[in-house]
Number of protein chains: 4
Amino acid sequence: MNFASDNWAGVTEQVSRGLAEAAGGLDAAYGNDTLTRSVSERFNDLFEREVAVFFAATGSAANSLALSTFMKPSGIVVCHRDSHINTDECGAPEFLTNGAKLLPFGGHEGRLDAASVTRTLETYGPNNLRGGRAVAVSITQMTEVGTVYRADEIAAIGAAARAAGVGLHMDGARFANALVSLNCSPADITWRAGVDVLSFGGTKNGCWCAEAVVFFDPARAEDFDFYRARSGHRFSKARFVAAQFDAYLADGHWLDTARRANVMARRLADGIERASQARLAWPIDGNEVFAVFTRDRAERMKAAGAMFYEWPAGHDSLERPLQPGEAVHRLVTSFVTTEADVDGFLAVVDEG
Amino acid sequence: MNFASDNWAGVTEQVSRGLAEAAGGLDAAYGNDTLTRSVSERFNDLFEREVAVFFAATGSAANSLALSTFMKPSGIVVCHRDSHINTDECGAPEFLTNGAKLLPFGGHEGRLDAASVTRTLETYGPNNLRGGRAVAVSITQMTEVGTVYRADEIAAIGAAARAAGVGLHMDGARFANALVSLNCSPADITWRAGVDVLSFGGTKNGCWCAEAVVFFDPARAEDFDFYRARSGHRFSKARFVAAQFDAYLADGHWLDTARRANVMARRLADGIERASQARLAWPIDGNEVFAVFTRDRAERMKAAGAMFYEWPAGHDSLERPLQPGEAVHRLVTSFVTTEADVDGFLAVVDEG
Amino acid sequence: MNFASDNWAGVTEQVSRGLAEAAGGLDAAYGNDTLTRSVSERFNDLFEREVAVFFAATGSAANSLALSTFMKPSGIVVCHRDSHINTDECGAPEFLTNGAKLLPFGGHEGRLDAASVTRTLETYGPNNLRGGRAVAVSITQMTEVGTVYRADEIAAIGAAARAAGVGLHMDGARFANALVSLNCSPADITWRAGVDVLSFGGTKNGCWCAEAVVFFDPARAEDFDFYRARSGHRFSKARFVAAQFDAYLADGHWLDTARRANVMARRLADGIERASQARLAWPIDGNEVFAVFTRDRAERMKAAGAMFYEWPAGHDSLERPLQPGEAVHRLVTSFVTTEADVDGFLAVVDEG
Amino acid sequence: MNFASDNWAGVTEQVSRGLAEAAGGLDAAYGNDTLTRSVSERFNDLFEREVAVFFAATGSAANSLALSTFMKPSGIVVCHRDSHINTDECGAPEFLTNGAKLLPFGGHEGRLDAASVTRTLETYGPNNLRGGRAVAVSITQMTEVGTVYRADEIAAIGAAARAAGVGLHMDGARFANALVSLNCSPADITWRAGVDVLSFGGTKNGCWCAEAVVFFDPARAEDFDFYRARSGHRFSKARFVAAQFDAYLADGHWLDTARRANVMARRLADGIERASQARLAWPIDGNEVFAVFTRDRAERMKAAGAMFYEWPAGHDSLERPLQPGEAVHRLVTSFVTTEADVDGFLAVVDEG
């Protein structure tokens, strides 16, 4: 009954085995090894075009270094107020980009909408010597409130970005969960919809520390190795990341893993919908369930062995406002979540 | 016969097994897990005092973030001209410290000497508003030319640093090899000799990506978690580093591994001393052998299957200057080096 | 009828004369000259205590370098959404502080309120490794919508900052106008109310480029000369700033100048209150008048020779919302504004 | 007898008068005023081509911001060991460029030579992910030891830079003195010789704070206004810099001023050549005289009213090494230096 976060899990057996198999032998350092090269090429197939891919080991590094490639002096990154880069990365985007200003605003159910993006990009145009100039828009798939962007929603934002001459970055920390939920191809919700660079996350979905920064226009990646190097994110034994991705991507393992987490979340959500003492905060698309119940109830459930956290964000998307004593709680599933975990939770949600 | 670098090796069986054993279960993210805590405490025993320890995943991150804790505006880090931070980290120390100037100078056999350090610290005193002010001295153990600092040499530099009110950092990427070579305790060549912070390297000696930043005065570490966070070096599933260190430090495994590499290097050096067509560049202390032979010979040896690189640094420490056609070559051993590798190399060194 | 901005004016005769008188002779560079020292000391009298004062030449430099002294890694500066540092300094606060995140929020009539400040400081506490940690609060006196903070309002914010262990910075670009408006002493609205450091502006009020960063606790200023030096803000012929301040502060010249600007603004505001086709947006405290009238009218008035700009901020403080076609317009007075300018404007405001 | 530095002088009468004349009236802020535009255009004539020119107020800002336009992640700026950017700007080039590493090396009489530049640029090529990659070469005209680069020497370095695809920056803090000494056109020693951007100094030669960054390829200047803005170097009343340059450039005033300083230096040098107790350190080209005499003698001369400083740099260019007790002393002349100052100094140089 541990729904604290998907980054509390370790790694899947396949990933663990893949890493163990890569342990021996000698190969070139700093990503010039055979495994890194072969795994990198696999991303071309995955995205149905030639991409430039670089591995990183944390999501914050992937996001911040990806955003660096758009950065200009006085650059601004437009993002959702609740986005991970704005609220959870402790200044890494600002620092690693040499001082980008994140320009956050709201948006229903965790999503930016294209009209607001367009307005903001007009305000922070290329000659704005007071407020600064937008250089990129960053969206999160799936969002911080567990919803996903549909391909057409992304495309509208992509068009807005392109019209303003700025880049579009996607923080795909839970890209696999979104993909499974949308039942579409990786290309459909990335470059075909105008995404320029994707942080393709593996860590939350069964790897130790495997993130890939995927550039759909390889020319944009020109300086990326230097961005990694100057920030200490270039690994000497780089194949340990490649080995994780090798196992992760093999035979659709990554999608199976995400699917399992999503299914568990669906089961959990369905149960909460049936509950009388709890309700869903907003629609559930992937492996995160946000439920409204009282803080008292939360305490009792924790006492009964459940683990989860109260969630401070997204409240303006609630259909029915919080009543006194109520709070929004986040429940995250992952590849280690079992039906027993879910059913155990549901068994006590209405108790007391 | 692959002597390219110790970071071409993968991981030892123990480390690989340790990592596999940590794969299951759920535990808190961001280093708040049980394993990270228990491994961290082990460093207290190792260094015979209470230390503050933080894990990192690359040596450049460990060094640069460690140096950040000394940084002030217009700060200067005094280091050897050939030091890794000055020549191999691609600007990471400058970038991650917000613009420290590295002030490099020479020194026999890769070592700084205390007298030069003192003179430099006097020039870049605390009120130098033109040239900047020294904030730290950084030394490398073992050095980039394969030599080690003795405890008394470190202590002399430590005294110089303390007298000037600046910090002393040790880049211990090959700390284990130095320790085995010196046959002393970790405390003797660190805090007892005035070292304030140590980058304790595990990567080159049998881990995937395991570096520890060890503060001998825990108060200095106050902001370290923020330095890690803002640069994207805070790992969500932090226990994958802890698991490596857990196995690495168990039962003296780390020293065994280093000892094996050093023994292989000794065997290689002894052979080169006996050779007629090659000679040692300078004394050999650990797992790096620097040998002088002609570039023609190098080509022939590579054709015979040997791997190694020419080395551009340290030439002013050569007893006998390079003759036309000669170059210095670096041969690095590691836990995967076999006697067959060494003997194979020695079998062909005088050929042709 | 030019109300574009107070930085469109040149310098007062006294300041110009003072600068000319300083032109001759030789004296030490970099602020070690006699004039810089003597003018600096005058700030002790002005603020009724010993202060540490440093000159700068732009308001952005003064603000950003002042904030630097509070900065820690992942540091956050709490400020009003419409504050100059957030909307008009083109990323200088972020850049010069090594990547501070500005955390903006709203507040009635351009002012932060102590309760909101307290809540925000609680969220971004000293151990917030996700969102970052607050290091300072910055307020503007007078605000960007022309209002002033009373001493008790500042004191409430000062208490909130002190309780949270963070600093309080005041951007005093129009400090003189606020002071005249409040009719109190400089000490009352600065250190006595908890302000730690003040950007004391001279530029907008009759100097060419004269800003002073005033530290009420001289110990905090320890590194300031280095912050200036590393950002290119240390002037070799520093006495040219000192000479401006020498004339500016002599015989209350700075207050006379501000008073004149405020009187002109009052006259303008009174006229607008009497007008039928325009209304004041909110209360007028200093030398900035914000008036609501239609864009059509604005065009006609510009055609008649008036200069001013539409103002995008502060609209949530309007008592009566904007009607279709209406906008808020900013009219700034300065020491060069004449009664004829004001009366000329008022003569046409109701026309057409 | 004050030869401390040319930045100890104030401003010339013409410059002072020009500034006073600009004091009145209203005009657009931030460099959009009439005067800034007209003075900027004058630089086209001066350099015989269309240039992009931006004003700054300190030499460190001009140099560092100019270098920023070449910067890439892990960028390296090649410069002379004794260059002002390397020894006197307190980390501003590193900081304002987001962490450029300055790569200093020696060179006879303060000059870089093209062959060494070529070798260095080869080492730090565009793919050097260890040491970093060169992005620019910076030379100083005149050099820190008072010598000048001839046009052909600059052209050789310019060719080396172009061949390597990096930029060439000239720190022209004493450009006017060099120009007068070389008796050539500004174009000859800048863009015709391969210089991409020039820091054109006015401050040391009779202005308060007037530096111009001159881009010979206006396209390179695209982001410059943002570099200025984000570092607080964009002046609201920008015309106060323009007014200085307006007077400085009128009727060859700037060259007259430099010529006078050079003539005084020549007179001083001639006297020292005739002296028995002092000798010139190396050839004298402009307004700086470097003389070798004993420290005892220096003390006596200071007691007699002379002001100057010992000079730590350039000693490897001395024809005759320093004898015990001797030191190199720098004597700087400027537009305020009189024949009486020079003759007074020469009268006592052999005394005692």
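Note that the structure is a prediction, hence the values are computed from the model and not measured.

A. Fine view of the overall build of chain A. If you tally the helices and strands in chain A, you get 13 helices and 11 strands. For 352 residues, the compact-globule formula gives about 20 Å, and the C-alpha radius of gyration of chain A, at 20 Å, lands near that figure. For the C-alpha atoms alone, the extent of chain A along its principal axes is close to 60 × 55 × 30 Å. Split into buried and exposed, the 352 residues of chain A put 68% on the buried side. Partitioning the contacts of chain A with sequence separation of at least 6, the portion at a separation of at least 24 is 76%. Carbon and sulfur atoms make up 47% of the accessible area of chain A, which amounts to about 11700 Å² in all. Averaging the positions of the 34 positive and the 45 negative side-chain charges in chain A gives two centres separated by 3 Å.

B. Representation of the sheet that holds strand 8 (residues 279-280) of chain A. Residues and elements named next belong to chain A. The strand order across the open sheet built from 4 strands is 8-9-11-10, with neighbouring strands paired in antiparallel fashion. Sheet topology places strand 8 and strand 10 (309-310) at the edges, where each strand pairs with a single neighbour. As judged from the 7 bridges shared by strand 9 (residues 288-294) and strand 11 (residues 326-332), these two strands associate in the antiparallel manner. By the bridge assignment, Val289 is partnered in strand 11 with Leu331. Against the sheet, helix 12 (residues 295-303) makes contact with strand 9, strand 10 and strand 11, and its axis sits at roughly 115° relative to strand 9, the strand it touches most.

C. Structural view of the sheet that holds strand 10 (residues 309-310) of chain C. Residues and elements named next belong to chain C. With antiparallel pairing, the 4 strands of this open sheet are ordered in space as 8-9-11-10. With partners counted over all chains shown, the strands left at the sheet margins are strand 8 (279-280) and strand 10, one partner each. Each of strand 8, strand 9 (288-294) and strand 11 (326-332) is contacted by helix 11 (residues 253-274), which is oriented at about 25° to strand 9, the strand it contacts most.

D. The arrangement of the environment of D:Leu46 in detail. Residue and element names in this part refer to chain D. Locating Leu46 in the fold gives a position in helix 2 (residues 34-47). Taking relative accessible area as the criterion, Leu46 reaches 19% and is therefore assigned buried. Residues Leu46 and Ser185 lie 139 residues apart in sequence; the distance between their C-alpha atoms is 8.6 Å. Non-local contacts of Leu46, meaning those with residues more than four positions away in its chain, are made with Pro186, Phe200, Leu249 and Trp254.

E. How the structure looks around the relation of the copies chain B and chain A. Take chain B, turn it by 180°, move it 0.0 Å along the axis, and it overlays chain A with an RMSD of 0.0 Å. The operation mapping one copy onto its partner corresponds to a two-fold rotation axis. With an isologous cut-off of 70% or more, the 100% of interface residues of chain B that recur at the interface of chain A puts this contact in the isologous class.

F. Representation of the packing of aromatic side chains within the structure. Tallied over the full model, the rule gives 90 aromatic pairs over all chains. Here the aromatic rings of A:Phe293 and A:Phe308 are separated by 5.7 Å at their centres, their planes lie at 85°, and the arrangement is edge-to-face. Taken together, the positions of A:Phe293 in strand 9 and A:Phe308 in the loop between helix 12 and strand 10 put the pair 15 residues apart, joining distant regions of the chain. Ring pairing ties together the aromatic residues A:Phe43, A:Phe47, A:Phe55, A:Phe175, A:Phe200, A:Phe216, A:Phe245, A:Tyr248 and A:Trp254, which thus form one cluster. A cation over an aromatic ring shows up here: A:Arg49 above the ring of A:Trp191, its NZ or CZ 4.7 Å from the ring centre. Above the face of the C:Phe226 ring, B:Arg133 is positioned so that its terminal group lies 3.7 Å from the ring centre.

G. Main features of the interface of chain B and chain A. Each side of the interface is counted separately: chain B has 48 residues, and chain A has 48 residues. Summed over the three residues of chain B that lose the most area to chain A, namely B:Phe95, B:Trp208 and B:Lys237, the buried surface amounts to 22% of that side. Counting across the interface, chain B meets chain A through 0 salt bridges. Residues that form the side of chain B that touches chain A fall into these classes: 25 nonpolar, 15 polar and 8 charged.

H. Structural view of the interface of chain D and chain A. On the chain A side, the residues contacting the 17 residues of chain D number 17 residues. Taking both sides of the interface into account, the surface hidden between chain D and chain A amounts to around 1600 Å²; carbon and sulfur atoms contribute 61%. Sorting the residues of chain D by area buried against chain A places D:Pro73, D:Leu129 and D:Phe226 first, and these three jointly supply 44% of that buried surface. Counting across the chain D and chain A interface gives 2 salt bridges. A salt bridge links A:Asp223 to D:Arg133; the nearest nitrogen and oxygen atoms lie 3.0 Å apart. On inspection of chain D and its partner chain A, the count reaches 2 residue pairs in polar contact (both at pLDDT 80 or more).

I. Just the pairing of strand 1 (residues 52-56) of chain D, in detail. Residues and elements named next belong to chain D. Of all 5 residues making up strand 1, 5 are buried, and the element is well covered by its neighbours. Side chains of strand 1 alternate between two faces, with Ala52, Phe54 and Ala56 and Val53 and Phe55 buried alike. Where strand 1 and strand 7 (residues 211-215) come together, 5 bridges link them in antiparallel fashion. By the bridge assignment for strand 7, Phe55 is matched with Ala212.

J. Spatial organisation of unusual backbone geometry. Omega for the bond connecting A:Gln141 with A:Met142 falls within 30 degrees of zero, at 0°, which places this linkage in the cis form. Looking at the secondary structure, you find A:Met142 in the loop between strand 4 (133-140) and helix 7 (151-164). For C:Asn98, which is not a glycine, the phi torsion comes out positive at approximately 65°. Position of C:Asn98 relative to the elements: it lies in the loop between helix 5 (92-96) and strand 3 (101-105). Its identity is not glycine, yet D:Ser74 carries a phi of approximately 65°, on the positive side. Summarising the element assignment, D:Ser74 is placed in the loop between helix 3 (59-68) and strand 2 (75-80).

K. Spatial organisation of the pattern of salt bridges. By the definition in use, this model includes 96 salt bridges over all chains. Between A:Arg111 and A:Glu153 there is a salt bridge; the shortest N-O distance is 3.7 Å. Taken together, the residues span a long stretch of sequence, with A:Arg111 in the loop between strand 3 (101-105) and helix 6 (114-123) and A:Glu153 in helix 7 at a distance of 42 residues. The buried category is assigned to A:Arg111, whose relative accessible area is 15%. For A:Glu153, a relative accessible area of 23% translates into the label partly exposed. Notably, a salt bridge pairs C:Asp152 with C:Arg150, separated by 3.0 Å at the nearest N-O pair. Judged by its relative accessible area of 44%, C:Asp152 falls in the partly exposed class.

L. Structural view of the domain arrangement of chain A. All names here are of chain A. With domains assigned, chain A is organised as domain 1 (13-251) and domain 2 (254-349). For domain 1 versus domain 2, the distance between C-alpha centres works out to 27 Å. In this assembly, 29 residues from domain 1 lie in contact with 24 residues from domain 2. Taking both partners together, domain 1 and domain 2 bury about 2000 Å²; carbon and sulfur atoms supply 54% of that area. The interface formed by domain 1 and domain 2 includes 3 salt bridges. One salt bridge in this structure joins Arg81 and Asp316, with 2.9 Å as the shortest N-O distance. Connecting domain 1 to domain 2 are 12 residue pairs in polar contact (both at pLDDT 80 or more). Those elements that place two or more of their residues in the side of domain 1 that touches domain 2 are helix 8 (175-182) and helix 10 (239-249).

M. Focus on the environment of B:Phe200. Within the element layout of this structure, B:Phe200 appears in strand 6 (residues 197-201). Distance in space between the C-alpha atoms of B:Phe200 and B:Val336 is 21 Å, their sequence separation being 136 residues.

N. Quick look at the packing of helix 11 (residues 253-274) of chain D against helix 13 (residues 339-349) of chain D. Residues and elements named next belong to chain D. Interaxial distance between helix 11 and helix 13 falls to 10 Å at its minimum, and their mutual angle equals 15°. The angle between helix 11 and helix 13 falls in the class roughly parallel. Here the hand of the crossing between helix 11 and helix 13 comes out right-handed. Packed against helix 11, whose contacting residues are Met264, Arg267, Leu268, Gly271 and Ile272, the element helix 13 presents Glu339, Val342, Asp343, Phe345 and Leu346 at the interface. Broken down by class, the residue content of the contact of helix 11 with helix 13 amounts to 6 nonpolar, 1 polar and 3 charged.

O. Highlighting the nonpolar core. One finds A:Phe43, A:Val137, A:Phe200, B:Phe43, B:Val137 and B:Phe200 to be the most contacted residues of the largest nonpolar core, which totals 121 residues. C:Ile189, D:Val11, D:Val51 and D:Leu112 belong to the second largest nonpolar core, which has 120 residues in total.

P. Main features of the state of the cysteines. Residues and elements named next belong to chain B. Under the criterion given, the structure shown has 0 disulfides over all chains. No disulfide involves Cys90; its sulfur sits 15 Å from the nearest other cysteine sulfur, which is in Cys79. What makes Cys90 buried here is its relative accessible area of 2%.

The rules we used
Residues numbered from 1 in each chain as written. Chains lettered and ligands numbered in written order. Predicted model: local features only at pLDDT ≥ 70, side-chain atom pairs only at ≥ 80, totals over all residues. Heavy atoms only, no water. Helix = DSSP H or I, 4+ residues; strand = E, 2+ residues; numbered from the N terminus. Rg over C-alpha atoms; globule rule 2.2 N^0.38 Å. Buried < 20%, exposed > 50% of the residue type's maximum accessible area, 1.4 Å probe, protein only. Contact = heavy atoms within 4.5 Å. Areas by Shrake-Rupley, 256 points an atom, 1.4 Å probe, with all protein chains shown as cover. Lys, Arg positive; Asp, Glu negative; His and termini not counted. Charge placed at Lys NZ, Arg CZ, Asp CG, Glu CD. Pairing = 2+ DSSP bridges. Axes fitted to C-alpha atoms, helices over the stretch in contact; angles between N-to-C directions. Least-squares fit on C-alpha atoms with pLDDT ≥ 70 in both. Phe/Tyr/Trp six-rings, centres within 6.5 Å; stacked < 30°, edge-to-face > 60°. Lys NZ or Arg CZ within 6 Å of the ring centre and 35° of its normal. Buried area = accessible area lost by both parts, 1.4 Å probe. Salt bridge = Lys/Arg side-chain N within 4 Å of Asp/Glu carboxyl O. Nonpolar A, V, L, I, M, F, W, Y, C, P; charged D, E, K, R; others polar. Polar contact = N/O pair within 3.5 Å; in protein donor to acceptor, adjacent residues only side chain to side chain. Domains from an automatic or database assignment. Parallel < 35°, antiparallel > 145°, perpendicular 65-115°, else oblique. Left-handed = near helix turned anticlockwise from the far one by under 90°. Core = buried A, V, L, I, M, F, W, Y, C linked by side-chain atoms within 4.5 Å. Disulfide = S-S within 2.5 Å.

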